[in-house]
Structure formats: structure tokens, C-alpha cells
Amino acid sequence: MITMVHSNPARVVDGILCVDRKFHTGMLAFCAALGGGMTTVHPLATQDCIGIDMIEIPLDALPYAVLVVEPDGDRASFQHLIESSTLVYGMGLGFERMAQACGVPYVMVAEYDLKTRIVASTSQVRSAARKSVRAARIAGDYFMHFAPDAKRAASVHCNGYPIYDALQSVNDNRVLYLDSRMSEDMVTSGEQLNVRLRDRPSRALRLLFSGRYEPLKGALDAVNVAISAIRRGLHVEMHTYGEGSQKDDMRRLVEGAGMTAQVIVHDAIPYPELVEISRGFDVFVCCHIQGDPSCTYLEAFGAGLPIVGYDNRMWRRLCQESGAGLSVRMHDVEAVVGGLESIHSQSGLLEELSHRAREFAISHTLDREFAKRTDAIREALASARAAHC
């Protein structure tokens, strides 16, 4: 039996599972690839941590079992599940130490390296002293717990370049994958892309931002990019889709600039709708300040959208690998606008970047990236069974 531990919260009420759509899609793929006998474990979702694309599914319609754990509650059922597992796979809830105590092999999924953890933890802290204390605490936990747990893992599946590089000296058995929900049939076709590119000179350059409206994602900066570009005289418009703590600030910023017709801040929409809408844009504006492995990158590429964004460690490397966008100085809104000016004015640049984006997406579809993980899980499962015999 395989137990999968996930950091994304869930809730079960009256036999109905409420969970993130992306998670459920992934679990269906895991079940199809690895067979039955799988149980997934989640922290209990509170009202303030519900995601932006949640769905509800009856438990009896699932091909996997579900256990929801209260972080500070009784862990007896969780421990019993670990003890009875052949292999444990995932991240969160301290499952690694529980698996070690039970003598059960585990595969860790890792996303954030130390620098990204510190940025994520301190991005909304204003006091320099408090930032330093929090950063020290994060570093202590990383070296005392996370790194040793990663070292003892049968394998570490690394979501993105930064964490893959960071664990090079910790665990030799690492798998690099790039997170995406884009299957090959969802990637925009070459014909669709060419139609959009031919149409471009007759209209505004259409900018897109989607995701969480939070400081880590640079949501306010993305809006400021559009406002500054318009003030510079560029013929652009922007639409954003998401949810988060900065939504009202984003809308006030647009209203204060008098640009509500050119910059529209939308609420979140279901992912399938976002995929369809994305194909009508030209450029994705990405002002992420953390080097996170966001699926946003490949999903933008899948719509044939080049990215102009801050050179966080994930985008800097992905930009080099794909050649499908422009990477500019961190926290520099005007540098992003400068990148848009280049795309706006240089003949053929948008076409070149757009086709590179699509090509990279096709070579890193959900199917391909997912196969890397399931192949490695099969190997780890076979090793675990052999050791048990």
C-alpha cells in the first residue's frame, strides 16, 4: 500500500471531499499509473485556507482513500496508516520522522530551498529584527530537520531547479520535475498560435497575470507594470485572475490610476476556464519574488505565452533553459515595462518567444513530467518490497 501525504488542506463533510482541483487531477493520474491501494493524507482545511479552485467529490466516487488530519489533534490513525504502508510519498505533517520511527521507506517531495523558505516566511514582516529572528528559525529547522530527513529518504522528488540544486550534496537519488497541469491536448496548437500572432498588430498587446493575489506572487507589482506601460504610451491591456489578500489593493490601484477599462482585476475562475482564456493573451507578466516552482510558468507556456518577469532563481533558470521570455531585475517594475517595450517594438520577437514557449510546454507536459515521478515511485516501491521480503 502507498500512503501519499499532501500539504494542501482538505475537508470531508457528510461523505463529500472538498479539495483543490489540481490535487484531485493529480491523484487520478497517480491511481491510473500505479493502481489501487492508495490513501492520501491532508491537513484539515480551515475556512481561511480554502484554495481558489476547490471542488467537491463524494468519497464513494474516489479511486483512493482519504484521511484528513488536524495538525494539533490525535495522530494515532495517521501513525497506524504509516505503519501499514509499503511506501510513503509526499510532503508535510512531519511524516518523514514518523516513517523513520516505523521503519517504513519514504520518498520526499520538496519544493522550497532555504532562500525561498526565508522569503516566503518574511515577505510580510516589516521589522528588520523580527525578520532576522524568523530567518534564523527557518534556517535552524532546515538544517536540523529538513536536510537530515531528505538525506534519509529513499529518493527526493524535486519540484523545480532551485531545490534540485540545493539538495545535490544531500541525496544522490533525486528526480527533477517541473510542475504543470498542462496535458499535451491542452497546449495551444501551432495554428491557434499563428492566428493570434497574425492578429496582434491590429490590437493592444494583451497582458495576463493569474494566481494568488499575494506579495510573494508580486500581484501589486504586476498591476503597476500595466499602469506604467500605459503611462509610457504602450498600447497594452491587462487582465488578472485570482484571489488573495491584495485583491482590494489591486483594484484601488487601478481605480486611482483611472485605468479600469484597460486593467481589469478579476476574481478567480476554474482552471479549465483559465486555460481557454489564456490563449487569447500575448504575454504573461510574472513578478514573483520567491524562487518557487510555480506551475504558472509551464501553464503560461502551454498557452503560447512568453513570460516577462523578475529574475527569481526559478524563472532565471527556466528562462535560460526555454529561451521563452525575458528575465529582469528583481523588484524593478520599470525593467519589466522595458521588456514589454522590447516585445512591443522589435519585429518578430513576440513570435519567436511565443513559439519557444509552446515548444517547451510540449516537451514538459503533465504526462511527461508525471511519468518521471511514477517511474521513480515504482522503483522505490519495488526496492521496498524486496527489502521487506
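Residues numbered from 1 in each chain as written. Predicted model: local features only at pLDDT ≥ 70, side-chain atom pairs only at ≥ 80, totals over all residues. Heavy atoms only, no water.

Undergrad: Would you take a moment to explain the overall build of the protein for this structure?
TA: Per the secondary structure count, the protein includes 15 helices and 16 strands. For a compact globule of 389 residues, the expected C-alpha radius of gyration is about 21 Å, and the protein comes in at 22 Å, within 12% of that figure. For the C-alpha atoms alone, the extent of the protein along its principal axes is close to 70 × 50 × 45 Å. When each of the 389 residues of the protein is scored for burial, the buried share is 51%. Intrachain contacts of the protein at a sequence separation of at least 6 include 70% that bridge at least 24 residues. As presented, the protein carries roughly 17,000 Å² of accessible surface, and 50% of it is formed by carbon and sulfur atoms. In the protein, 40 side chains carry a positive charge and 47 a negative one; their mean positions are 5 Å apart. (Helix = DSSP H or I, 4+ residues; strand = E, 2+ residues; numbered from the N terminus. Rg over C-alpha atoms; globule rule 2.2 N^0.38 Å. Buried < 20%, exposed > 50% of the residue type's maximum accessible area, 1.4 Å probe, protein only. Contact = heavy atoms within 4.5 Å. Areas by Shrake-Rupley, 256 points an atom, 1.4 Å probe, with all protein chains shown as cover. Lys, Arg positive; Asp, Glu negative; His and termini not counted. Charge placed at Lys NZ, Arg CZ, Asp CG, Glu CD.)

Undergrad: Please explain the sheet that holds strand S16 (residues 325-328) as it appears in this structure.
TA: Note: strands within a sheet are paired through backbone hydrogen bonds, in either parallel or antiparallel orientation. The 6 strands are arranged S13-S12-S11-S14-S15-S16 in an open sheet whose pairing can be described as parallel. Unpaired on one side and paired on the other, strand S13 (263-266) and S16 mark the two borders of the sheet. The sheet shows a mean angle of 20° between the axes of neighbouring strands, taken without regard to direction. By the bridge criterion, 4 bridges tie strand S15 (residues 307-310) to S16 in an arrangement that is parallel. (Pairing = 2+ DSSP bridges. Axes fitted to C-alpha atoms, helices over the stretch in contact; angles between N-to-C directions.)

Undergrad: Help me out: how do you make sense of the environment of Asp14 in this one?
TA: Turning to its location among the elements, Asp14 is positioned in the loop between strand S2 (11-13) and strand S3 (16-20). Classification of Asp14 by relative accessible area gives exposed; the value is 76%. With 142 residues separating them along the chain, Asp14 and Val156 place their C-alpha atoms 36 Å apart.

Undergrad: Is there a simple way to think about the packing of aromatic side chains in this case?
TA: Aromatic ring pairs are defined here through the distance separating the ring centres and the angle between the ring planes. Enumeration according to the criterion identifies 11 aromatic pairs in this entry. Taken together, a centroid distance of 5.8 Å and an interplanar angle of 5° make the contact between Tyr297 and Trp315 stacked. Taken together, the positions of Tyr297 in helix H11 (residues 296-302) and Trp315 in helix H12 (residues 313-322) put the pair 18 residues apart, joining distant regions of the chain. Cluster of aromatic residues (ring-pair linked, three or more members): Tyr297, Phe301, Trp315 and Phe360. The ring of Tyr164 carries the charged tip of Arg174 above its face, separated from the ring centre by 4.1 Å. The positively charged end of Arg206 is found above the aromatic ring belonging to Phe281, 4.4 Å away from the centroid. (Phe/Tyr/Trp six-rings, centres within 6.5 Å; stacked < 30°, edge-to-face > 60°. Lys NZ or Arg CZ within 6 Å of the ring centre and 35° of its normal.)

Undergrad: Is there a simple way to think about the pattern of salt bridges in this case?
TA: Oppositely charged side chains can pair when the atoms bearing their charge come close. Inspection of the entire model under this criterion finds 22 salt bridges. One salt bridge in this structure joins Arg206 and Glu237, with 3.1 Å as the shortest N-O distance. Taken as a pair, Arg206 in strand S11 (residues 205-212) and Glu237 in strand S12 (residues 236-243) lie far apart in primary sequence, 31 residues in all. Among the charged side chains, a salt-bridge network with shared partners connects Glu243, Lys247, Arg251 and Asp267. (Salt bridge = Lys/Arg side-chain N within 4 Å of Asp/Glu carboxyl O.)

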